[in-house]
Amino acid sequence: GDSVTQTEGLVTLTEGLPVMLNCTYQSTYSPFLFWYVQHLNEAPKLLLKSFTDNKRPEHQGFHATLHKSSSSFHLQKSSAQLSDSALYYCVNTGYQNFYFGKGTSLTVIP
Amino acid sequence: GGIITQTPKFLIGQEGQKLTLKCQQNFNHDTMYWYRQDSGKGLRLIYYSITENDLQKGDLSEGYDASREKKSSFSLTVTSAQKNEMAVFLCASSRDRGGEQYFGPGTRLTVL
């Protein structure tokens, strides 16, 4: 069935280093993937969503590319900032339902 | 633009008590959701509704009831509050089931 799996637990990075949070999915039909971000004491909000025409979505320096061959939608940023510290969720919208990943907590240290 | 309002912001109840959380949205969205977020953990879906009077169970529906009285409102009832249910409850809405979700500020539940 449809599902999503992302890097679980805690990821700690030094400021300035590249960010990559993994997300893989299983989807019966054409997948539609999202990344949401939740900063401390705030509600989650949309960061990126996949396009159907292979465009690469970008926002706030983050980007993600939908690779159907490897069933992945990894979140990347070339240089981590302290303000990127947050909880990140990958979401797969399947045919009948939608699936939130368990979340990856990213901490960026000086 | 629009906004999602959740009431109350803080809810304190006794163990075994029935408690109700409310959510209103003015996006005119069809789909609404209730999630529970335990401290430091990810979101878990309790219920969602794709239209007025519709209810769909999520993975965490046991111990909860929900009601979609009208398009703009979605209520969640904790049928018998337990201490291990202390968490933040988040309401969200989207234009349709596959669309971008907009989240409310949350209701923090404390069980004494």
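Let me sum up the structure you'll find in this document. (Residues numbered from 1 in each chain as written. Chains lettered and ligands numbered in written order. Predicted model: local features only at pLDDT ≥ 70, side-chain atom pairs only at ≥ 80, totals over all residues. Heavy atoms only, no water.)

Helix and strand counts for chain A come out as 0 helices and 12 strands. For chain A, the sequential pattern of α-helices and β-strands runs β-β-β-β-β-β-β-β-β-β-β-β. Computed over C-alpha atoms, the radius of gyration of chain A comes to 13 Å, within 12% of the 13 Å expected from 2.2 N^0.38 for 110 residues, which places it in the range of a compact globule. Considering only C-alpha atoms, chain A reaches an extent of 40 × 25 × 20 Å along its principal axes. Taking all 110 residues of chain A together, 45% fall into the buried category. Nonlocal contacts in chain A, meaning residues at least 24 apart in sequence, comprise 57% of its contacts between residues at least 6 apart. (Helix = DSSP H or I, 4+ residues; strand = E, 2+ residues; numbered from the N terminus. Rg over C-alpha atoms; globule rule 2.2 N^0.38 Å. Buried < 20%, exposed > 50% of the residue type's maximum accessible area, 1.4 Å probe, protein only. Contact = heavy atoms within 4.5 Å.)

A few words now on the pairing of strand β11 (residues 107–111) of chain B. Residue and element names in this part refer to chain B. What you see with β11 is a clean split: T107, L109 and V111 sit on the buried side and R108 and T110 on the side with no burial. Bridge count between strand β2 (residues 10–13) and β11: 4 bridges; the pairing is parallel. Among the inter-strand pairings, G13 is bridged to a residue of β11, identified as V111. Relative to β11, strand β9 (residues 87–94) runs antiparallel, the two being bridged by 3 bridges. By the bridge assignment, V88 is partnered in β11 with R108. (Pairing = 2+ DSSP bridges.)

Here we come to the layout of surface pockets. By volume, the largest pocket amounts to about 810 Å³. As for the largest pocket, its lining consists of 34 residues, of which Q38(A), L40(A), N41(A), Q37(B) and G40(B) are closest to the centre. Taken together, the elements giving at least two residues each to the lining of the largest pocket come down to β2 (9–14), β10 (86–93) and β12 (104–109) of chain A together with β9 and β11 of chain B. By residue class, the composition of the lining of the largest pocket is 13 nonpolar, 14 polar and 7 charged. Estimated volume of the second largest pocket: approximately 520 Å³. What lines the second largest pocket is a set of 22 residues, and nearest its centre among them are F100(A), K102(A), L43(B), R44(B) and D59(B). Elements with a minimum of two residues in the lining of the second largest pocket: β1 (3–6) and β11 (98–100) of chain A together with β5 (43–49) of chain B. (1 Å grid on protein atoms, 1.4 Å probe; cavity = no way out; pocket = protein on both sides within 12 Å on 5 of 7 lines; lining within 4 Å. Points joined across faces, edges and corners; volume = space filled by probe spheres on them. Nonpolar A, V, L, I, M, F, W, Y, C, P; charged D, E, K, R; others polar.)

Before going further, it helps to spend a moment on the interface of chain A and chain B. Chain A puts 16 residues into the contact, and the matching count from chain B is 16 residues. Carbon and sulfur atoms supply 58% of the area that chain A and chain B bury against each other, a total of about 1,300 Å² over both sides. Contact with chain B buries area across many residues of chain A, yet P44(A), F98(A) and F100(A) alone supply 35% of it, more than any other trio. Remark: the boundary between chain A and chain B carries 0 salt bridges. Counting every contact that joins chain A to chain B gives 3 residue pairs in polar contact (both at pLDDT 80 or more). Of the residues assigned to the side of chain A that touches chain B, the class counts are 11 nonpolar, 4 polar and 1 charged. (Buried area = accessible area lost by both parts, 1.4 Å probe. Salt bridge = Lys/Arg side-chain N within 4 Å of Asp/Glu carboxyl O. Polar contact = N/O pair within 3.5 Å; in protein donor to acceptor, adjacent residues only side chain to side chain.)

A few words now on the nonpolar core. Grouped together as the largest cluster of nonpolar side chains are 23 residues, with contacts concentrated most on W35(A), L47(A), L75(A) and Y88(A). For this core, the secondary structure elements donating two or more residues are β2, β3 (19–21), β4 (23–26), β5 (32–38), β6 (45–49), β8 (62–64), β10 and β12 of chain A. Ranked by size, the runner-up nonpolar core spans 21 residues in total, among them L19(B), C23(B), A87(B) and C91(B). (Core = buried A, V, L, I, M, F, W, Y, C linked by side-chain atoms within 4.5 Å.)

Turning next to the sheet that holds strand β3 (residues 19–25) of chain B. Either a parallel or an antiparallel arrangement is found when strands of a sheet pair, and the pairing is made through backbone hydrogen bonds. Residues and elements named next belong to chain B. Here we have 4 strands laid out as an open sheet, ordered β1-β3-β8-β7, and antiparallel in their pairing. Edge positions in the sheet fall to β1 (4–7) and β7 (64–70), since each of these pairs with one other strand and no more. Strand-to-strand twist across the sheet, computed as the mean angle between neighbouring axes with direction ignored, equals 15 degrees. Bridging between β3 and strand β8 (residues 73–78) involves 6 bridges; their strand directions are antiparallel. Along β8, the bridge assignment pairs K22 with S75. (Axes fitted to C-alpha atoms, helices over the stretch in contact; angles between N-to-C directions.)

Moving on to the environment of L66(A). All names here are of chain A. Note on placement: L66 falls in the loop between β8 and β9 (75–77). On the basis of relative accessibility, which here comes to 16%, the residue L66 falls in the buried class. Between the C-alpha atom of L66 and that of T24, which follows or precedes it by 42 residues, the distance is 9.7 Å.

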